[in-house]
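Here's the letter readout for the chains.
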Amino acid sequence: MDAQDVKADLTEVLYTKDEIDAKIRELAAVIDRDYADKDVLLVGVLKGAVMVMADLARALRSHVTMDWMAVSSYGSGTKSSGVVRILKDLDADLMNRHVLIVEDIIDSGLTLSWLKTNLESRGPASLEICTLFRKPDAVKVDIDVKYVGMDIPNKFVVGYGLDFAEKYRNLDCVGILAPHVYQ
Ligand code: 5GP
Ligand code: MG
Ligand code: MG
């Protein structure tokens, strides 16, 4: 096996590069329409949202600015607890800005729910959320996500920014890891 072939560690590709591209373009068209008369500040959540942000921003026709935040969720095991620590705060002042949080995936929704409350307190003119992927559990959380790319099965996925132990973010598709990788 070629040690450089990251894709060889997947048992299944769920979304190809082309499918992701098409979905990003769909989201961008709706966002362009909704923000036609407003400048939007895209807030990317590091590190997972890097790919979504880069592609979404380039698919938009509107003027945008971009800023980044890094948060870490204190969790026991694999589930996030909803207790969040800011590792890197925004550079931008959100007062009176139209802010759109850009996320890779919402699972429990706890991280984003905390983030939304936190950013809301900074006085933005508007605050919305865009996520490429959403899992079924997230639907149970009382958080209004205006732009959702795809609702996906309740499986652990990697690629297109999403990691396993910091690897696989550079895959251009999204898929399921082969058991031999983590066993
Ligand atoms: P939540 O607070 O919604 O449970 O957690 C959201 C974060 O958990 C995401 O931003 C992402 O970093 C991570 N996460 C949730 N589901 C997955 C997944 O299927 N694969 C990967 N790689 N990360 C995930
Ligand atoms: Mg994320
Ligand atoms: Mg991760």
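Here the structure is a predicted model, which means the values were calculated and not measured.

Rules of the game
Residues numbered from 1 in each chain as written. Chains lettered and ligands numbered in written order. Predicted model: local features only at pLDDT ≥ 70, side-chain atom pairs only at ≥ 80, totals over all residues. Helix = DSSP H or I, 4+ residues; strand = E, 2+ residues; numbered from the N terminus. Expected span 1.5 Å × (residues − 1). Buried ≥ 20, exposed ≤ 12 C-beta atoms within 10 Å, placed from the backbone. Arc of directions from axis to C-beta. Contact = placed C-beta atoms within 7 Å. Core = buried A, V, L, I, M, F, W, Y, C linked by C-beta atoms within 7 Å.

Draft legend 1. Fine view of helix α1 (residues 17-34). Taking 1.5 Å per residue, 18 residues should reach 26 Å; α1 reaches 26 Å between its end C-alpha atoms and fits that length. Those residues of α1 not exposed but buried are I20, I24, L27, A28 and I31. One side of α1 holds all its buried residues, which, seen down the axis, span an arc of 105 degrees. Within α1, the exposed residues directed more than 90 degrees away from the buried face are D18, V30 and R33. Check the buried side of α1 and you find it contacts β1 (10-15), α2 (50-59), β6 (126-134), β7 (147-151) and β9 (174-177).

Draft legend 2. Inspection of the nonpolar core at higher detail. In this structure, V43, L56, L100, I101, V102 and C130 are the most contacted members of the largest nonpolar core, which totals 41 residues. When contributions to this core are tallied by element, the ones reaching two or more residues are α1, β2 (40-46), α2, β5 (98-106), α3 (110-120), β6 and β8 (157-158). In contact with V43, other than residues within four places in its own chain, are D67, M69, L90, V99, L100, I101 and V102.

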